[in-house]
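Coordinate analysis (summary)
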Amino acid sequence: MSIFGIVLFLLFGGMAFWLLLFLMGFAIPYWITLGAIEQLRPKRVFDEEEEA
């Protein structure tokens, strides 16, 4: 039964490691880039009123 616990510990540890690797390598930079683009893009408040 203790082998089962060790295997589960390594399985969960491996899944957590790959999740953190994915988040640090792709998801967080993607989120930061989208936020930066949203801040740099000019706001278009009055364009919709002129088109209507």
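Report follows, based on the coordinates.

Parameters and conventions
- Residues numbered from 1 in each chain as written.
- Predicted model: local features only at pLDDT ≥ 70, side-chain atom pairs only at ≥ 80, totals over all residues.
- Heavy atoms only, no water.
- Helix = DSSP H or I, 4+ residues; strand = E, 2+ residues; numbered from the N terminus.
- Areas by Shrake-Rupley, 256 points an atom, 1.4 Å probe, with all protein chains shown as cover.
- Phe/Tyr/Trp six-rings, centres within 6.5 Å; stacked < 30°, edge-to-face > 60°.
- Buried < 20%, exposed > 50% of the residue type's maximum accessible area, 1.4 Å probe, protein only.
- Salt bridge = Lys/Arg side-chain N within 4 Å of Asp/Glu carboxyl O.
- Patch = residues over 30% accessible without salt bridge, like charges linked within 9 Å, V, L, I, M, F, W, Y side chains within 5 Å.

To continue, consider the overall build of the protein chain. Counting its secondary structure elements, the protein chain contains 2 helices and 0 strands. Carbon and sulfur atoms make up 75% of the accessible area of the protein chain, which amounts to about 5300 Å² in all.

Right, let's talk about the packing of aromatic side chains for a bit. Applying the stated rule across the entire model yields 3 aromatic pairs. Summarising the aromatic geometry, the rings of Phe17 and Trp18 are spaced 5.1 Å apart at their centres and angled 70° between planes, so their arrangement reads as edge-to-face. Phe17 sits in the partly exposed class, given a relative accessible area of 48%. Residue Trp18 is classed as exposed on the basis of its relative accessible area, which comes to 55%. Taking the centre distance of 5.7 Å and the plane angle of 15° together, the rings of Phe26 and Tyr30 count as stacked. Taken as a pair, Phe26 and Tyr30 lie in helix H1 (residues 2–40) at a separation of 4 residues, close to a single helical turn. A relative accessible area of 48% means that Tyr30 is categorised as partly exposed.

A full pass over the atoms with the stated rule returns 1 salt bridge. Ionic pairing is found between Glu38 and Arg41, a salt bridge with its closest N-O pair at 3.2 Å. The exposure class assigned to Glu38 is partly exposed, which follows from its relative accessible area of 38%.

Taken together, the side chains of Leu19, Leu20, Phe22, Leu23, Met24, Phe26, Ile28, Tyr30, Trp31, Ile32 and Leu34 define a hydrophobic patch exposed on the protein surface, amounting to about 1200 Å² of accessible area. With respect to the helices and strands, Leu34 occurs in helix H1. Note on Leu34: relative accessible area 43%, which makes it partly exposed.

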